[in-house]
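The chain contents come next:
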Amino acid sequence: MAYVIPAPEQVSIAVVGSDDLFPVGRIYCVGRNYAEHAREMGHDPDREPPFFFQKHAGAVLAAAEPAGGDFPYPSVTKDLHHEIELVVAMKTGGAAINAADALDHVWGYGVGIDMTRRDIQGEAKKLGRPWDGGKSFENAAPMGNLHPVSAVGHPDSGEIWLDVNGIRRQSGDLNQLIWSVPEIIEYLSTLFVLKPGDLIMTGTPAGVAAVSKGDELVGGIAGLSGVRIRIT
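Residues numbered from 1 in each chain as written. Predicted model: local features only at pLDDT ≥ 70, side-chain atom pairs only at ≥ 80, totals over all residues. Heavy atoms only, no water.

### Quick look at the overall build of the protein chain
Part 1 of the reasoning: When you go through the protein chain residue by residue, the secondary structure sums to six helices and 18 strands.
Part 2 of the reasoning: Referenced to the eigenvectors of the C-alpha coordinate spread, the extents of the protein chain come out at roughly 45 × 40 × 35 Å.
Part 3 of the reasoning: Counting all 232 residues of the protein chain, 50% fall into the buried class.
Part 4 of the reasoning: Within the protein chain, residue pairs in contact and separated by at least 24 positions form 75% of the contacts whose partners lie at least 6 positions apart.
Part 5 of the reasoning: Approximately 10,700 Å² of the protein chain is accessible, and the part contributed by carbon and sulfur atoms is 53%.
Part 6 of the reasoning: Positive and negative charge centroids in the protein chain, built from 19 and 29 side chains respectively, lie 7 Å apart. (Helix = DSSP H or I, 4+ residues; strand = E, 2+ residues; numbered from the N terminus. Buried < 20%, exposed > 50% of the residue type's maximum accessible area, 1.4 Å probe, protein only. Contact = heavy atoms within 4.5 Å. Areas by Shrake-Rupley, 256 points an atom, 1.4 Å probe, with all protein chains shown as cover. Lys, Arg positive; Asp, Glu negative; His and termini not counted. Charge placed at Lys NZ, Arg CZ, Asp CG, Glu CD.)

### Brief notes about the nonpolar core
Part 1 of the reasoning: With 58 residues, the main nonpolar core has Met115, Ile185 and Leu199 as its most contacted residues.
Part 2 of the reasoning: If you tally residues by element for this core, the top one is strand E8 (residues 84-90), at six residues.
Part 3 of the reasoning: If near-sequence neighbours (up to four positions away) are discounted, Ile185 is found in contact with Met90, Ile97, Ala102, Val106, Leu194 and Ile200. (Core = buried A, V, L, I, M, F, W, Y, C linked by side-chain atoms within 4.5 Å.)

### Let's talk about the sheet that holds strand E10 (residues 116-117)
Part 1 of the reasoning: Strand order across the open sheet formed by three strands is E10-E7-E16, with antiparallel pairing between neighbours. Because the sheet does not close on itself, it has two edges, and the strands there are E10 and strand E16 (210-211). (Pairing = 2+ DSSP bridges.)

### What about the environment of Asp70?
Part 1 of the reasoning: You can see Asp70 is positioned in strand E6 (residues 69-71).
Part 2 of the reasoning: Sequence-wise, Asp70 and Glu183 are 113 residues apart; in three dimensions their C-alpha atoms are separated by 34 Å.
Part 3 of the reasoning: With residues up to four places along the chain from it excluded, the contact list for Asp70 reads Leu61, Arg230 and Thr232.
Part 4 of the reasoning: At 2.9 Å, the side chain of Asp70 forms a polar contact with the side chain of Arg230. (Polar contact = N/O pair within 3.5 Å; in protein donor to acceptor, adjacent residues only side chain to side chain.)

### As for unusual backbone geometry
Part 1 of the reasoning: Here the bond from Glu65 into Pro66 is cis, since omega is 5°, no more than 30 degrees from zero.
Part 2 of the reasoning: If you trace the backbone, Pro66 turns up in the loop between strand E5 (60-62) and E6.
Part 3 of the reasoning: The backbone phi angle of Asn139 is positive, close to 65°, even though this residue is not glycine.
Part 4 of the reasoning: Note that Asn139 resides in the loop between helix H4 (132-135) and strand E11 (141-143).

### So, the packing of aromatic side chains
Part 1 of the reasoning: Per the stated rule, a full pass over the model turns up five aromatic pairs.
Part 2 of the reasoning: With a centroid separation of 5.0 Å and an interplanar angle of 40°, the aromatic rings of Tyr28 and Phe192 are classed as tilted. Residue Tyr28 is located in strand E3 (residues 27-30), and its partner Phe192 is located in the loop between helix H6 (181-191) and strand E15 (199-201); the two are separated by 164 residues in the primary sequence.
Part 3 of the reasoning: By relative accessible area, Tyr28 is classed as buried at 0%.
Part 4 of the reasoning: Taking the relative accessible area as the measure of exposure, Phe192 reaches 30% and is therefore partly exposed.
Part 5 of the reasoning: Taking 6.2 Å as the distance between ring centres and 25° as the angle between the ring planes, the aromatic pair formed by Phe52 and Tyr187 counts as stacked. Separated by 135 residues along the polypeptide, Phe52 in strand E4 (residues 52-55) and Tyr187 in helix H6 bring together distant segments of the chain.
Part 6 of the reasoning: Residue class for Tyr187 comes out partly exposed when judged on its relative accessible area of 30%.
Part 7 of the reasoning: Taken together, Phe51, Phe53 and Trp131 form an aromatic cluster joined through their ring pairs.
Part 8 of the reasoning: Over the aromatic face of Phe137 sits the side chain of Arg117, whose NZ or CZ is 4.4 Å from the ring centroid. (Phe/Tyr/Trp six-rings, centres within 6.5 Å; stacked < 30°, edge-to-face > 60°. Lys NZ or Arg CZ within 6 Å of the ring centre and 35° of its normal.)

Put into structure tokens, the structure is as follows:
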């Protein structure tokens, strides 16, 4: 048998210090997982159950420092926002994973930016509609290179930050996550059967704001290689 059209190319992310690639499956994103970001978005940061949305794998944009990547300003928006995040890359999966075993399923970590068409997302919220148009579009997930657990362990503290044109916009610490990585994996695996190649974007600290054509965004997390994009 043959495919009736050419099969899509496998989306992948480069691995630090190697010619190997990590194949990307699905991208899950955790909403409002830092208290100060929840407040700036007008929500109570109390520890309510986490919620998730998805970006399609084709949204990945290779944007590792130092070279970074060009990010074309997306269509149908006048309010494009940045959200710097810790990215978790899964090597194995399953359903109903216990938090105590969750980290055994993680291959490694990286830095990503959840780019958001905030005006489209906001309109969808008002109408009670899905967020896909605001969150899951071409290049909406710029990614730095991934680090294997064998090299960086399981980071649960350390600065997370993003600068726009050399000015600090976002700053926080991984220890401020409302839901930790093991807890995220445990809860997410009750909703979906997680698979090797899945990525989890774990939420963003406060300071999200609009960016424009010509802006340069540089972000990082302590102990991981960074991400850089130029908005064109």
